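Spelled out, the chains give:
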Amino acid sequence: MERNSNVAISVIVPIYNEEKNLPELYRRLTDTLLGLGLPYELVFVNDGSKDNSLLEILRLSQTDSAVFYVNFSRNFGHQIAVTAGLDVCRGACAVIIDGDLQDPPELIADLYQKYQKGHEVVYAKRATRNGDSFFKKTTAKLFYRVLRASTATDIPLDTGDFRLIDRKVIDYLKQMPEQNKFLRGQIAWLGFSQTHVLFDRDSRRHGTSGYSLGRMLRFAMDGITGFSDAPLQFVTRLGFTISALSFLIILYAVYSHFILHRTITGWTSLIISSMFIGGVQLLSVGVIGEYVSRINRNVLNRPLYIVQGSNLSQNAVAVNGG
Ligand code: UDP
Ligand code: MG
C-alpha cells in the first residue's frame, strides 16, 4: 500500500490482547485526529496477541487507508512494540498511546496544541490513576521516585509512555539501539524542550494488564540499570561500611580478651554475622549480575523484534526487525 509521506501525526499503539478495546479505541482516535484536520496515520503493532486483536486490526486496515500495522512473530513486550512503531512511522511527529483506553485519545488534541508552541516532547503526566489497584499505585509511585533519586537524567515523575514526540526525537531514538528498552528514560536523556499536560488516567476498559509483577520488576530494573550506576556505588559503599564496622568489632574483641579478660563467645553472634555477610555478598553479586546481563544482551545484538506481516513496504519494516 502506498503511504502518504506528508503525514503530520503518526499515532503508535502497541497491542497485546486488546480485541475488545480496539473498536472504541479506533473510533475515538479517528474522531480526535479528524478534529485536528491534519493528515495522520494509525500504526498498530500487534505484539503476539493471543486473542483476535490481529483480525480486528486487519479489518480496520482494509476499510481505512490511514491504518497501518506491524504483526510480530511472537510477544516481544510493550517497549519493543512501541519501538517498532517508531521505526516505521512517517509522521512529522508521533504520539505513543496505550491500546487499553487508559490513556484518553482525546488528549492528543491538547498534546498537539502544546507541541505547536515549539516543544519537541509533550508528555502526558498522570494527575490521578483511576482504576489501578492500591498496590500498583504505590509501587509505581515508589518506582518513579527511586528512579529519579538514583539517576542524573531528568526523568519526569508519574509519567508513562503516553506522549507526543517530534521527528527529531524519533530519529535520535533510532540511533539508540540498546536492547533493554526504557523509552521514557531515553527520551528524557535526549533533552530538547520538554513539557507536559496533566490528565486523569482512566481504568482499563476491557481485558487485563499485560504487565505481571515479574514484568514490572524487570521493567523497573531496566530503567534503573539503563540510567544509573547508583546500585554499583551503593554496593561499594556497603562493602566499605561493613569492613570498617568489622574492624571496630575486631578491635573490641581484642581489647575485651586481653584487657578485660573476657573472651567473647557465642554461636548466635557467629551465625548472625556469617549470614549477614553471606546476604550482602549475594546482593552485591546480584547487582553486578544485572549490569552483566545488560552487557550480554547488547553483545548478542539480536534484532529487537521479528515481523511476521505488515501492510507497510518491506524496507520500512526492515529497520530493526528481520
Ligand atoms: N502491551 C504490549 N505488549 C505486552 C504488554 C502490553 O504491546 O507484552 C500493550 C498493551 O496492549 C497496552 C500497552 O502495552 O496497549 C500497556 O499495557 P498494559 O495496559 O498491560 O500495562 P499497564 O497499563 O497495566 O501498565
Ligand atoms: Mg494499561
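This is a predicted model, so every value here is computed, not measured.

1. Brief notes about unusual backbone geometry
Even without being glycine, H261 reaches a positive phi, approximately 55 degrees. Here H261 lies in the loop between α9 (230–258) and α10 (267–300). According to the C-beta neighbour criterion, H261 is exposed, with 7 such atoms within 10 Å. Despite not being glycine, N301 shows a phi value in the positive range, around 50 degrees. Note on N301: 9 C-beta atoms within 10 Å, which makes it exposed.

2. Quick notes on the environment of S133
The residue S133 is located in the loop between β5 (121–129) and α5 (134–150) in this model. Given 11 C-beta atoms within 10 Å, S133 falls into the exposed group. The sequence separation of S133 and L245 amounts to 112 residues, and the corresponding C-alpha distance is 42 Å.

3. With respect to the UniProt feature "domain: Glycosyltransferase 2-like" (unreviewed entry) in the protein
This chain's UniProt record puts "domain: Glycosyltransferase 2-like" (unreviewed entry) on residues 10–171. The annotated region residues 10–171 carries 42% helix and 25% strand content, and the separation between its end C-alpha atoms amounts to 14 Å.

4. What about the site of ligand 1?
Around ligand 1 sit 17 residues in total, of which P14, Y16, G99, S209 and G210 are the nearest. Secondary structure elements with two or more residues in the shell around ligand 1: β1 (9–15) and α3 (78–88). When its residues are assigned to classes, the shell around ligand 1 shows 5 nonpolar, 7 polar and 5 charged.

Procedures and definitions
- Residues numbered from 1 in each chain as written.
- Chains lettered and ligands numbered in written order.
- Predicted model: local features only at pLDDT ≥ 70, side-chain atom pairs only at ≥ 80, totals over all residues.
- Helix = DSSP H or I, 4+ residues; strand = E, 2+ residues; numbered from the N terminus.
- Buried ≥ 20, exposed ≤ 12 C-beta atoms within 10 Å, placed from the backbone.
- UniProt positions renumbered as here; feature names shortened; annotations may be inferred.
- Near = placed C-beta within 6 Å.
- Nonpolar A, V, L, I, M, F, W, Y, C, P; charged D, E, K, R; others polar.

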